[in-house]
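Commentary on secondary and tertiary structure
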Amino acid sequence: FAFHSQARLHNLDPAEVLVPVSARPGEATLRTEDIVKAIEEAGDTLAVVCFGTVQYYTGQYFDVKTITAAAHRVGAHALWDC
């Protein structure tokens, strides 16, 4: 909700400016390679990658170093909620 609100606050369409990443069918957690792929596909249009370090529904701990490096390679910032 917070990201949708920020997009609308800046007169942007959330459907056009947010890049959701979902778990694969039948899986409960996100794969690091899927997150990195989404970052690479967005490329230099991406400004910020934002995740919680631990996904509180599943307990998944994200690979902070790898995801942050992918964000930096496309010129984006990585924001982590620890």
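Look a little higher up for the structure.
Attention here is on the structure that accompanies the text. (Residues numbered from 1 in each chain as written. Predicted model: local features only at pLDDT ≥ 70, side-chain atom pairs only at ≥ 80, totals over all residues. Heavy atoms only, no water.)

**Digging into the packing of helix α3 (residues 32-42) against helix α4 (residues 64-73)**
Keep this limit in mind: A fitted line through C-alpha atoms serves as each axis, taken over the contacting stretch for helices, and the angle formed by two N-to-C directions is quoted from 0 to 180°. Helix and strand definitions here come from DSSP, where helices need a minimum of 4 consecutive H or I residues and strands a minimum of 2 consecutive E residues; each element is numbered from the N-terminal end. Orientation is classified from the angle alone, with under 35 degrees giving roughly parallel, over 145 giving roughly antiparallel, 65 to 115 giving roughly perpendicular, and any other angle giving oblique. Contact criterion: two residues are considered in contact whenever any of their non-hydrogen atoms come within 4.5 Å of each other. Three categories are distinguished: nonpolar for Ala, Val, Leu, Ile, Met, Phe, Trp, Tyr, Cys and Pro, charged for Asp, Glu, Lys and Arg, and polar for the others, with Gly belonging to the last.
Packing of α3 against α4 brings their axes to within 9 Å, and their N-to-C directions diverge by 10 degrees. Considering the angle they form, α3 stands roughly parallel to α4. Within the contact between the two elements, α3 uses T32, I35, V36, I39 and E40 and α4 uses T66, I67, A70, A71 and R73. Residue classes in the contact of α3 with α4 are distributed as six nonpolar, two polar and two charged.

**Quick word on the packing of aromatic side chains**
Definition in use: Each Phe, Tyr or Trp ring, with Trp reduced to its six-membered ring, pairs with another whose centre is within 6.5 Å; inter-plane angles below 30 degrees give stacked pairs, above 60 give edge-to-face pairs, and intermediate values give tilted ones. Three labels apply to residues, based on accessible area from a 1.4 Å probe with only protein chains included: buried if under 20% of the type maximum, exposed if over 50%, partly exposed otherwise in between.
Under the criterion given, the structure shown has three aromatic pairs. Aromatic pair F51 and F62: ring centres 4.9 Å apart, planes at 45 degrees, arrangement tilted. Here F62 lies in the loop between β3 (60-61) and α4 and F51 lies in strand β1 (residues 48-52), a separation of eleven residues in the sequence. Under the relative-accessibility criterion, F62 is labelled buried at 3%. Through a chain of ring-to-ring contacts, the aromatic side chains of F51, F62 and W80 assemble into a single cluster.

**Remarks on the state of the cysteines**
Our working definition: When two cysteine sulfur atoms are found within 2.5 Å, that pair is recorded as a disulfide.
Tallied over the entire structure, the rule returns zero disulfides. Cysteine C50 is unpaired, with the sulfur of C82 as its nearest cysteine sulfur at 11 Å. The exposure class of C50 is partly exposed, given its relative accessible area of 31%.

**A short note on α3**
Because an α-helix packs 3.6 residues into every turn, residues spaced three or four apart end up facing the same way. Every buried residue of α3 is listed here: D34, I35, V36, A38, I39 and A42. If you follow the buried residues of α3, they end up packed against β1 and α4. Note on α3: the residue one or two positions beyond its end, G43, has a positive phi of about 60 degrees.

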